[in-house]
Amino acid sequence: MPEIYGLNLRKILKMRIIKNIAAIFLLSTTSILIFSCGNNQGTEKVEAPAISANDTAAVEGKITLTLEGNDLMKYNKKELRAKTGVTIRLVLVHTGKIPKNAMGHNVVILKEGTDVSEFVNKAASAVGTDYIPESHKDKIIAHTRMIGGGEFDAVEFAIDKPGSYVYLCSFPGHSAIMRGILIVEE
Ligand code: CU
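Please read these numbers as outputs of a predicted model, since none were measured by experiment. (Residues numbered from 1 in each chain as written. Predicted model: local features only at pLDDT ≥ 70, side-chain atom pairs only at ≥ 80, totals over all residues.)

(A) Broad picture of the environment of Ile 183. Examined against the element boundaries, Ile 183 turns out to sit in strand S11 (residues 179-185). We classify Ile 183 as partly exposed; it has 15 C-beta atoms within 10 Å. It is 9.7 Å that separates the C-alpha atoms of Ile 183 and Thr 84, two residues lying 99 residues apart in sequence. Setting aside residues up to four positions removed in sequence, Ile 183 forms contacts with Glu 79, Arg 81 and Ser 164. (Helix = DSSP H or I, 4+ residues; strand = E, 2+ residues; numbered from the N terminus. Buried ≥ 20, exposed ≤ 12 C-beta atoms within 10 Å, placed from the backbone. Contact = placed C-beta atoms within 7 Å.)

(B) Geometry of helix H3 (residues 116-124). Residues of H3 that are buried: Phe 119, Val 120 and Ala 123. Angularly, the buried residues of H3 cover 95° about the axis, an arc narrow enough to put them on a single face. Turned more than 90 degrees away from the buried face of H3, the exposed residues are Ser 117 and Glu 118. Where the residues of H3 are buried, they touch strand S7 (108-110). (Arc of directions from axis to C-beta.)

(C) Expanded view of the nonpolar core. Membership of the largest hydrophobic core comes to 28 residues, with the highest contact counts inside it found for Ala 82 and Val 107. Among the elements of the structure, strand S4 (62-69), strand S5 (79-83), strand S6 (87-94), S7, H3, strand S10 (163-168) and S11 are those that each provide at least two residues to this core. (Core = buried A, V, L, I, M, F, W, Y, C linked by C-beta atoms within 7 Å.)

(D) Representation of the pairing of S11 within the structure. Pairing analysis gives five bridges linking S5 to S11, with the strands arranged parallel. Each residue of the ladder has a partner; that of Leu 80, found in S11, is Leu 182. One ladder, built from six bridges, connects S10 with S11; its direction is antiparallel. Its bridge partner lying in S11, Leu 168 is registered against Arg 179. (Pairing = 2+ DSSP bridges.)

(E) Fine view of unusual backbone geometry. Even without a glycine there, the phi angle at Met 73 is positive, about 65°. By the secondary structure assignment, Met 73 is in the loop between S4 and S5. Overall, Met 73 belongs to the partly exposed group, with 17 C-beta atoms counted inside 10 Å. With phi around 65°, Tyr 131 is a residue other than glycine that occupies positive phi space. With respect to the element layout, Tyr 131 can be found in the loop between H3 and strand S8 (140-143).

This is the structure:
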């Protein structure tokens, strides 16, 4: 059926243009194009690139969230977003120059209902374990390493329950400013 075929071609071309434009502006963008033909009819299912305000890219049930920390003791995002059940690859980049012992950053994602003040207090004294308190490990969903200027680290995890999860830097004194919410939706 030439008309349907022509329509599909136009759609595919349009998708390619969108993809090219997206690739220019984003670090990574993915589109999933599923194209299948039955005996008598062509069916097409096009899924647009899943891009949120957080520069995330969805690739077959996996998303990458990038968070930056700097020498001014700040994250670049107060909010991250993800979906339940997908593998979340969280990348922390320290864009500064100050070494770990003076301006170390990590990201710790806490379980819902955690007493954040209590956790932070315990973390501050956990020098030997890079400010990850052994006594409160059960409150942590995931965390990166503690890193210094110019370094990065990544951690992968998944969350099955929709909710709002606090993330913070557990370096002493940082979490008052270096804190945000990971919103996980169905
Ligand atoms: Cu920090």
